[in-house]
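Now for the letters of each chain:
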Amino acid sequence: MSYDTNNIFARILRGEIPCTKVYEDDHVLAFNDINPQAPVHILVIPKGAYVSWTDFAAGASDAEMAALTRAAGRVAEAAGLAEGGYRVLCNTGADGGQEVDHLHLHVIGGRPLGRMLPRA
Ligand code: 5GP
């Protein structure tokens, strides 16, 4: 899939749509999810134009990968989740339930999250 420069997160990165920013550096932006699934629900996205985890894993630089990983840990810690625990989730593609085609990590916590997936 080619990258759609008008996806919602590309528009947030360009400042065309507002977000509640919780972290930013040269490679990463993190902001609160508009429809939180838990008391803390933060989206951590690369600034680069990557459709998905697959795309990012194949094409991102080491610096971009390190920045995304560190940012996810950093926002979780800043949100007070490190001690109690949390979940980092990356929905990928149709079967993965990805709705926005710009790579994003969900950092979710603030309550017991239960099983990762419902039993089939
Ligand atoms: P996905 O299902 O692609 O893994 O997750 C997309 C996430 O983006 C959803 O949790 C959804 O609530 C969030 N989202 C969609 N549109 C917006 C928006 O305009 N602003 C913010 N902050 N989050 C959004």
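In every chain, residue numbers begin from 1 and rise along the written sequence. Whole-chain, interface and lining totals are the exception, using all residues; otherwise, since this is a predicted model, local features are given only for residues with pLDDT of at least 70 and side-chain atom pairs are given and counted only at 80 or more. Working from all heavy atoms in the structure, the side-chain values ignore hydrogens and water.

In this section: the pattern of salt bridges. Think of a salt bridge as a Lys or Arg side-chain nitrogen and an Asp or Glu carboxyl oxygen that are within 4 Å of each other. Per the counting criterion, the structure on display carries 4 salt bridges. With a shortest N-O distance of 2.7 Å, Arg14 and Glu16 are connected by a salt bridge. Residue class for Arg14 comes out partly exposed when judged on its relative accessible area of 42%. Here the salt bridges do not stand alone but share partners, grouping Arg11, Arg14 and Glu16 into one network. The buried label goes to any residue with under 20% of its type's maximum accessible area, the exposed label to any with over 50%, and the partly exposed label to all in between, with areas taken from a 1.4 Å probe on protein chains only.

With that out of the way, let us pick up the confidence of the model for the protein chain. On average, residues of the protein chain carry a pLDDT of 97, and 100% of them reach 70 or more. When pLDDT is averaged over each element of the protein chain, strand S3 (residues 40–46) comes out on top at 99 and helix H4 (residues 93–96) at the bottom at 96. The pLDDT score gives, residue by residue, the confidence of the prediction method on a 0 to 100 scale. A helix here means a DSSP run of H or I that spans at least four residues, while a strand means a run of E at least two residues long, and both kinds are numbered starting from the N terminus.

What follows is about the site of the ligand. A single heavy atom is enough: if one lies within 4 Å of a molecule or strand, its residue is considered near that molecule or strand. Around the ligand lies a shell of 16 residues, among which Asp33, Asn91, Glu99, His104 and His106 are the nearest. As used in this structure description, the phrase polar contact means that two N or O atoms lie within 3.5 Å; if the pair is within protein, one of them must be able to donate a hydrogen and the other to accept it, and residues adjacent in sequence are counted only when both atoms belong to side chains. One of the backbone N or O atoms of Gly97 is found 3.2 Å from an oxygen atom in the ligand. Note on areas: Shrake-Rupley, 1.4 Å probe, and residue coverage restricted to the protein chains presented here. Isolated, the ligand exposes 520 Å² of accessible area, and the fraction of that covered by the protein chains is 85%. Judged by the fraction of its atoms near the pocket grid, the ligand is located in the largest pocket. For the shell around the ligand, the elements supplying multiple residues, two or more each, are helix H1 (8–13) and strand S2 (28–32). Per element, the largest residue contribution to the shell around the ligand is 3 residues, and it comes from H1. The pocket and cavity definitions rest on a 1 Å grid over protein atoms only: a 1.4 Å probe that fits but cannot leave marks a cavity, an open set with protein on both sides within 12 Å along at least five of seven lines marks a pocket, and residues lining either have an atom within 4 Å of a point. More than half of a molecule's atoms lying within 2 Å of a cavity's or pocket's grid points is what places that molecule inside it.

Put simply, buried Ala, Val, Leu, Ile, Met, Phe, Trp, Tyr and Cys residues joined by side-chain atoms within 4.5 Å make one nonpolar core. Counting residues in hydrophobic clusters, the biggest one holds 19 residues, and the most contacted among them are Val28, Ile42, Val44, Leu68, Val75 and Val107. Those elements that place two or more of their residues in this core are S2, S3, helix H3 (62–78) and strand S5 (105–109). Considering each element in turn, this core owes the most residues, 6 residues, to H3. Excluding anything up to four places from it in sequence, Val44 contacts Val28, Leu29, Ala30, Leu68, Ala71, Ala72, Val75, Leu103, His104, Leu105 and Val107. Counting residues in each nonpolar core, the second largest holds 7 residues, with Phe9, Leu29, Phe31 and Leu43 among its members. What makes two residues a contact is simply this: any of their non-hydrogen atoms within 4.5 Å.

Glancing now at the layout of surface pockets. Grid points are joined across faces, edges and corners, and a volume is the space filled by probe spheres set on the points. By volume, the largest pocket amounts to about 590 Å³. As for the largest pocket, its lining consists of 26 residues, and the residues nearest its centre are Asp33, Asn35, His41, Leu43 and His106. Looking at the lining of the largest pocket, the elements that each hand over two or more residues are H1, S2, S3, strand S4 (86–89) and S5. Top element by residues in the lining of the largest pocket is H1. It accounts for 3 residues. Class assignment for the residues of the lining of the largest pocket results in 13 nonpolar, 9 polar and 4 charged. Residues are sorted three ways: Asp, Glu, Lys and Arg are charged, Ala, Val, Leu, Ile, Met, Phe, Trp, Tyr, Cys and Pro are nonpolar, and all the rest, Gly among them, are polar.

Pairs of cysteine sulfur atoms within 2.5 Å are what we label disulfides. If you walk through the whole model with that rule in mind, you get 0 disulfides. For the unlinked cysteine Cys19, the closest cysteine sulfur is that of Cys90, found at 19 Å.

In this structure, His41 sits in strand S3. In terms of polar contacts, His41 uses its side chain to reach the backbone amide nitrogen of Gln37, at 3.0 Å.

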